[in-house]
Amino acid sequence: MMKKIVAILCAMMLTLTAVSALAADFTTIEAGKLTMSTSPDFPPFENTDDDGNIIGIEPDLIALICEKLGLEPNWLAMDFDSALLAPQTGKADAVVSGVTVREDRKTQFDFTTSYVSIHQAIVCKEDKDITMDNLGEQTIGVQNGTTGQIYAVDDFGEDNVVAYNTYSVAFLALTNDQVDCIVVDDLVGKAYAATIPGLKVVETTYEAEEFAFGVSKGNTALVEAINEVLEGLIADGTVEEIILKHSMN
Ligand code: ARG
């Protein structure tokens, strides 16, 4: 009986070693580090604190993933459109920046498993009456390179849309009445509306979007290693806990 248990345990350990050996098989552009591009104007997903640290849902998730993979997180802050380019030009291992999984982006990245689902929302001043029905009559602020920009331009044309490099600047423009509203991922719109007085968040009918990390194309071993940890964090409720911790309801 004892021998049988020992044999089973040995077999289990062998399998475990095999799994982690597979995970350890990846390469990163700087050994021992996970280099990630991000646009930290996107609370609660990523933002900078007063000391310049990048904080939020994604840094929390990445900290746990890096710990498991024996990597040190290395964040490169830049505008969103540059952050999307970084893994494609060998400057980052992945873009971790609230990136929506889109068919056309699958030619640019190998996406990890997605970990959250959001909708685009409209943010405007409280006294305005803006909905999907009259969105076309407004001047819409967006961030360059985002799905919000893609939808607004596709639906209402370039002339109605003002694109900013960061959401921080876009929200400043909204406060100063340079735009009538902003189209932005709902949780992010709520986070800005919670800190800037006099703003409200209006739902849209745009389809749900899923966020994932965009790993540089072809680094399959890294995607698999990240997924192994990320899927565990989704399954055991850690991801949900981290999202709730950072979100305003
Ligand atoms: N989810 C949207 C997209 O992928 C917006 C992401 C913007 N991210 C940021 N960190 N500013 O296009």
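Look a little higher up for the structure.
All of the points below concern the structure found in this document. (Residues numbered from 1 in each chain as written. Predicted model: local features only at pLDDT ≥ 70, side-chain atom pairs only at ≥ 80, totals over all residues.)

Around the ligand, the surrounding shell holds 14 residues, and the nearest of these are S39, F42, S97, T100 and T146. For the shell around the ligand, the secondary structure elements donating two or more residues are β2 (41–42) and β6 (94–100). By residue number, the principal contributor to the shell around the ligand is β6, which donates four residues. Split by residue class, the shell around the ligand holds four nonpolar, seven polar and three charged. (Near = placed C-beta within 6 Å. Helix = DSSP H or I, 4+ residues; strand = E, 2+ residues; numbered from the N terminus. Nonpolar A, V, L, I, M, F, W, Y, C, P; charged D, E, K, R; others polar.)

All right, on to the sheet that holds strand β9 (residues 120–125) then. Read across the open sheet, the five strands follow the order β11-β10-β12-β9-β13; overall the sheet is mixed. On the outer flanks of this sheet lie β11 (161–164) and β13 (199–203), each paired with one strand and no other. For this sheet, the mean inter-axis angle between neighbouring strands, taken without regard to orientation, is 30°. In this sheet, β11 lies alongside strand β10 (residues 140–143) in parallel orientation, the contact comprising four bridges. From the neighbouring strand, V142 faces β11, where its bridge partner is A163. The strands that helix α5 (residues 167–175) touches are β9, β10, β11 and β12 (181–185); relative to β10, the one it contacts most, it runs at about 165°. In this fold helix α6 (residues 186–195) packs onto β9, β12 and β13, with an angle of close to 165° to the strand it touches most, β13. (Pairing = 2+ DSSP bridges. Axes fitted to C-alpha atoms, helices over the stretch in contact; angles between N-to-C directions. Contact = placed C-beta atoms within 7 Å.)

Moving on, we get to the packing of helix α2 (residues 57–69) against helix α8 (residues 238–246). The interhelical angle for the contact between α2 and α8, taken along N-to-C directions, is 150°, at an axis separation of 9 Å. Along this stretch, α2 crosses α8, giving a crossing that reads as right-handed. Two secondary-structure elements touch here, α2 through I57, D60 and L61 and α8 through V239, I242, I243 and H246. Per-class residue counts for the contact of α2 with α8 are five nonpolar, one polar and one charged. (Left-handed = near helix turned anticlockwise from the far one by under 90°.)

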